[in-house]
Structures are given as C-alpha cells and as structure tokens.
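The primary structure of each chain is shown beneath.
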Amino acid sequence: MGPRRILAMLADLNGDVVAERRLDTDEHLPAAERLALAERAATACVEAAGPARGGVWAATAGTSGVVDRSGRVTISTLIPGWTGLDLAGQVGRWFGCPGFAANDANLAAVAEHWRGSARHVDDLVYVLTGYRAGHGLLLDGRLRTGRTGSAGELGRVPLTGWEDASVVLAEAGRGADELFQAARAGERQALALVDRLAHGLARGASVLVAAVDPELVVVGGTLARGGEVLLERMRAHLAEMCLNPPEVAPSTFGEESIAYGAVRMALDHAEQKLMEPYAAAAP
C-alpha cells in the first residue's frame, strides 16, 4: 500500500501468484478509506481464486514508513493517518488469519533474495526509489530491520542526498521516463541530470555499503526504469565512495517487488504451520 497505488496478490503454497488486483489512490486519502480499498482489492483476489483454493493461511502488508516487529507503523510521513496503525492486525482481520506488515524496501529485498536478482547472494542492500529512496538490508540471508524497524532509514543522516531524486526531477520539469529516454538518445543535459540522480542514490547506498560490505546492491522502484543509463553512473560513483564497491544490479520484479516480498513473508508463516505436526512427532 503506497501513497498512490495499491497492489494485492494472492499466492498458493508454492508461492505462485494466482490472482492480483491493482488500484490507483489519491495520496491524500484518509487511512480508513485507504484500508477499505486495500481490503476490497485483497478480497477480490480471494474471490477470483474460487472456493476450491481453500482459506487464507496468512496475509502480509507492505508500506512506506517505519514498521516495528509487531507490524505496527510507528512513523509514516507519506500516508495520512498511518502513524500508530496496527497494520498487521488490520490485514489479519480481513480473513481471520495471522497478519504481518513490513516496510516496503525490506519486503522488496526479501523478494529479490527469494526469486530475483539477489537469489545467489546472502548479503544485500536494496535501494527502493520513488517518492524518496528507502533501503532494505539482508545479512546472511536474513532480513535485518533493527531494534525498532528503522534500519536503513537514512532520512536524517547528513549529506546522503536523500531528497536529490525529487529535487532533480522537479527542477528538470520532466518525468523519470522522459528524462531517461532523452539520456539514452545522448542529450547532454539529460545525461547530466541522470548522473546527478545516480550520485544521490550512490551517496545514500554508500552509507550501508561502508557499514556492512554487502555482495550486491539492487536498485528497484521508479528510477530503476532508467536501466544501465542510471546504473552505470551509480556504479562509478560507488567506486569513488567505497573501498570495495559491490556489484549493482536492477530489480527483477520492478514495482511489484514489495508485493512479492509480502507473499514470501506470509508463505514463511504458512510453511512453519505446515511443518508443526512433523516437528511435534519427531523423537
């Protein structure tokens, strides 16, 4: 659930998506109305699958902001009325099942490690671009969110270029896709602006790269559509900022990565429940 979009996915126990629904929303929509739309989209997925699919084992919501280990949104600056919301409890009540919630960049990192660009590495920094850059962190193949869920939230760290993407696009008076198209055509001004975008993303990512020395940085979200015209410059800037710069790769799932990560988190719970009888019977 983002400021402007809702994407709901229903997956089977193999993790294969069997139904999905997308809705555009107003960024100023009140929390209650946003939740009602999300419930409608999720319910439509279940109805589309039909009764033969059985019940819902678990539900996970992904969102911007800081989400603690209980699935409560503790800080949200982009979605009205979201701060303090027990998001995990809300989505669980929709289907009478265990509910979970997590930060969007964290879930995107989970998705890439599960079936995406990072499936062959265990230490990963994920950069989610969009309204603002967010970061997800996996170490030893496990999601690391920190004591309060704030790991990777670099918004108050000085000199990270945090607002750079939105500032660059506003000053350019262009959308990201238009800018990247012009850069690919060799327009000098567009290439300079893309370099500025890449520099800002690299500055933010370099903080985590220097701290944890990951094998890979995956870039997803809106700016990832720039492809190599953006990533090539980001690699160059990281090489200047880091002693041992990691590889940089585009997201496999693009803007769907958050939903796929939510599927994986729900599936983790379902698999655990399925294995409980066998664990109890073991000598």
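Along every chain, residues carry numbers that run from 1 in the direction the sequence is written. With the structure being a predicted model, the display of local features is reserved for residues of pLDDT at least 70 and the display and counting of side-chain atom pairs for 80 or more, all residues being used for whole-chain, interface and lining totals. Derived side-chain values reflect all non-hydrogen atoms in the structure, with water molecules and hydrogen atoms excluded from consideration.

Regarding unusual backbone geometry
Here's step 1: Phi is positive for Asp140, close to 55°, though the residue is something other than glycine.
Here's step 2: Structurally, the position occupied by Asp140 is in the loop between strand 8 (134-139) and strand 9 (142-143).
Here's step 3: In this structure Asp140 comes out as exposed when scored by relative accessible area, which is 59%.
Here's step 4: One non-glycine residue, Asp213, lies in the positive phi region at around 55°. Per the convention used, a helix needs a DSSP run of H or I reaching at least four residues, while a strand needs a run of E reaching at least two, with both numbered from the N terminus. Buried means the residue's accessible area, taken with a 1.4 Å probe over protein chains only, is under 20% of the maximum for its type, while exposed means over 50%, and partly exposed covers the values in between.

Considerations on the pairing of strand 7 (residues 124-129)
Here's step 1: Extensive coverage of strand 7 is indicated by the burial of six of its six residues.
Here's step 2: Because side chains alternate across strand 7, one face comprises the buried residues Leu124, Tyr126 and Leu128, and the other comprises Val125, Val127 and Thr129, equally buried.
Here's step 3: Relative to strand 8, strand 7 runs antiparallel, the two sharing five bridges. Pairing of Val125 across the sheet is with Leu137, part of strand 8. Strands are labelled as partners when DSSP assigns at least two bridges between them.

With respect to the side chain of Ser251
Here's step 1: As for its placement among the helices and strands, Ser251 is situated in the loop between strand 11 (247-250) and helix 8 (257-281).
Here's step 2: Whenever a nitrogen or oxygen atom comes within 3.5 Å of another N or O atom, the pair is scored as a polar contact, on the condition that within protein one atom can donate a hydrogen and the other can accept it, and that pairs from neighbouring residues in sequence are kept only if both atoms are in side chains. Of the polar contacts made by the side chain of Ser251, one reaches the backbone nitrogen of Phe253; its length is 3.1 Å.
Here's step 3: If sequence neighbours within four positions are ignored, Ser251 has contacts with Glu112, Ser117, Tyr126, Val218, Val219, Gly220 and Ser257. The criterion used for residue contact is that any of the two residues' heavy atoms lie within 4.5 Å.

With respect to the packing of helix 5 (residues 176-184) against helix 6 (residues 188-212)
Here's step 1: Inter-axis angles, ranging from 0 to 180 degrees, are taken between N-to-C directions of lines fitted to C-alpha atoms, where helices are fitted over the stretch in contact. Where helix 5 meets helix 6, the axes come as close as 8 Å, and the angle between the chain directions of the two elements is 120°. One element, helix 5, and the other, helix 6, form an angle in the oblique class. By crossing handedness, the relation of helix 5 to helix 6 is classed as left-handed. Contact residues: helix 5 offers Leu179, Phe180, Ala182 and Ala183, while helix 6 offers Ala190, Leu191, Leu193, Val194 and Leu197.
Here's step 2: Residue classes follow a fixed rule: Ala, Val, Leu, Ile, Met, Phe, Trp, Tyr, Cys and Pro count as nonpolar, while Asp, Glu, Lys and Arg count as charged, and any other residue, Gly among them, counts as polar. Grouping the amino acids of the contact of helix 5 with helix 6 by side-chain chemistry returns nine nonpolar, no polar and no charged. Angular relationships are summarised with four words: roughly parallel below 35 degrees, roughly antiparallel beyond 145, roughly perpendicular across 65 to 115, and oblique for the angles in between. Rotating anticlockwise by less than a right angle from the far helix to the near helix defines a left-handed crossing, while the corresponding clockwise rotation defines a right-handed one.

Without other data, these values stay purely geometric and don't point to any function.
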